[in-house]
Amino acid sequence: MEVRALSISGAYEFAPPTFPDDRGEFTAPYQGPVFVEAVGHPLRLAQSNVSVSRRGVIRGVHFADVPPGQAKYIYCPRGALLDVVVDIRVGSPTFGRWESVRLDSREYRAMYLAEGLGHVFIALEDDTVASYLCSEGYNPGREHGINPLDPELGLPWPQDLEPVLSDKDRDAPSLAEAVESGLLPRYEDCLAYYEKLRDETA
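Treat the numbers as computed from the prediction; the structure is a model and nothing was measured. Within each chain, residues carry numbers counting from 1 in the order of the written sequence. Residue-level local features of this predicted model are given only where pLDDT is at least 70; pairs of side-chain atoms are given and counted only at 80 or more, and the full residue set underlies all totals for whole chains, interfaces and linings. The basis for every side-chain value is the complete set of heavy atoms in the structure, and neither hydrogens nor water enter the calculation.

**Looking at unusual backbone geometry**
Quick note on the threshold: Each helix corresponds to a stretch of at least 4 residues labelled H or I by DSSP, and each strand to a stretch of at least 2 residues labelled E; elements are numbered beginning at the N terminus. Whether a residue is buried, partly exposed or exposed follows from its accessible area with a 1.4 Å probe, protein chains only, as a fraction of its type maximum: under 20%, in between, or over 50%, in that order.
Cis peptide bonds are those with omega within 30 degrees of zero, and the linkage from Val66 to Pro67 qualifies with -5°. Assignment of secondary structure puts Pro67 in the loop between strand 6 (58-64) and strand 7 (72-78). The omega torsion across Pro67 and Pro68 is -5°, close enough to zero to call that bond cis. For Pro68, the position within the fold is in the loop between strand 6 and strand 7. In this model, Tyr108 sits at a positive phi of 60°, which is unusual for a non-glycine residue. By secondary structure assignment, the location of Tyr108 is in the loop between strand 9 (98-104) and strand 10 (110-113). For Tyr108, a relative accessible area of 13% corresponds to the buried category.

Right under this line is the structure:
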């Protein structure tokens, strides 16, 4: 499996090999030893989520309070999506920046986002499935969002797709409003939590 650290610290792209034969194909989108070598600690798995979306659906930008936050390992077993990580950690040298990776059922690439990072994607095809491995379970009191259409973020949504959002995501605050309200995680708290996870592995 190939691993690429993205320009935003705590975010990685994983590209597993695929083995086709006359029966079909096989791949392993998540491989524990490779993950630990790249990230420095095992993926704590508390919940597995699956979403099915029609073309143009945007889900996010979502994040959770740190600690414990919610790390995510995302891949696409059917269809195609554009997965985006947004650095919303106040004080981070890349605060406000984003990076995107296409995830689809042809290459089975995966994206990992550490605790404190924002996550959002857009479905590029109908009937697109996103599979998430999550380090913490759903906790509505500690989970938040930023409007994915915030022009300050300038996220890379395809111009030929009409965005489809939930009311909750459409009504979420802008990045500036989230900063002003003190809603966002602090970079120093995230770094301390990442170090705690690595120390538990040592």
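From this point, things continue past the structure.
**Describing the nonpolar core**
Nonpolar side chains in soluble globular proteins tend to be buried together. Applicable threshold: Throughout this description, the term nonpolar core refers to a set of buried Ala, Val, Leu, Ile, Met, Phe, Trp, Tyr and Cys residues connected via side-chain atoms within 4.5 Å. Any two residues whose heavy atoms approach within 4.5 Å are treated as being in contact.
Ranked by size, the top nonpolar core spans 34 residues in total, and within it Phe14, Tyr73, Val85 and Tyr112 carry the most contacts. Listing elements by their share of this core, those giving two or more residues are strand 2 (11-15), helix 1 (32-39), strand 7, strand 8 (80-86), strand 9, strand 10, strand 12 (128-134) and helix 4 (187-201). Those residues in contact with Tyr73 that sit more than four places away from it in its chain are Met1, Phe14, Pro29, Tyr30, Phe35, Leu43, Ala110, Met111, Tyr112, Ser131, Tyr132 and Leu133. Ranked by size, the runner-up nonpolar core spans 20 residues in total, among them Val86, Leu124, Trp157 and Leu165.

**A few points about the UniProt feature "active site" (unreviewed entry) in the chain**
What counts, and what does not: UniProt positions are given in the numbering used here, feature names are shortened, and annotations may be inferred rather than shown by experiment. For each structure, a 1 Å grid was placed over the protein atoms alone; sets of points admitting a 1.4 Å probe that cannot get out are labelled cavities, open sets with protein on both sides within 12 Å along at least five of seven lines are labelled pockets, and lining residues have an atom within 4 Å of a point.
The sites that UniProt annotates as "active site" (unreviewed entry) are His62 and Tyr132. Of the residues just listed, which span 71 residues, no C-alpha pair is farther apart than 12.9 Å, and they cluster in one region. From this annotated list, the subset lining the largest pocket comprises His62 and Tyr132. Within the element layout of this structure, Tyr132 appears in strand 12. Once residues within four sequence positions are removed from consideration, Tyr132 is found in contact with Gln47, Ser48, Asn49, Val50, Ser51, Arg59, Lys72, Tyr73, Ile74, His119 and Phe121.

**Quick word on the packing of aromatic side chains**
To describe a pair of aromatic rings, you give the distance between the ring centres and the angle between the ring planes. Here is the rule we go by: Only Phe, Tyr and Trp rings are paired, with Trp represented by its six-membered ring, and only when their centres lie within 6.5 Å; those with planes under 30 degrees apart are stacked, over 60 edge-to-face, the remainder tilted.
Applying the stated criterion to the full structure yields 9 aromatic pairs. On the numbers, 6.4 Å between centres and 40° between planes, the contact of Tyr12 with Phe14 is tilted. On the accessibility criterion, Tyr12 (16% relative accessible area) is buried. Relative accessible area serves as the criterion here: at 0%, Phe14 is assigned to the buried category.

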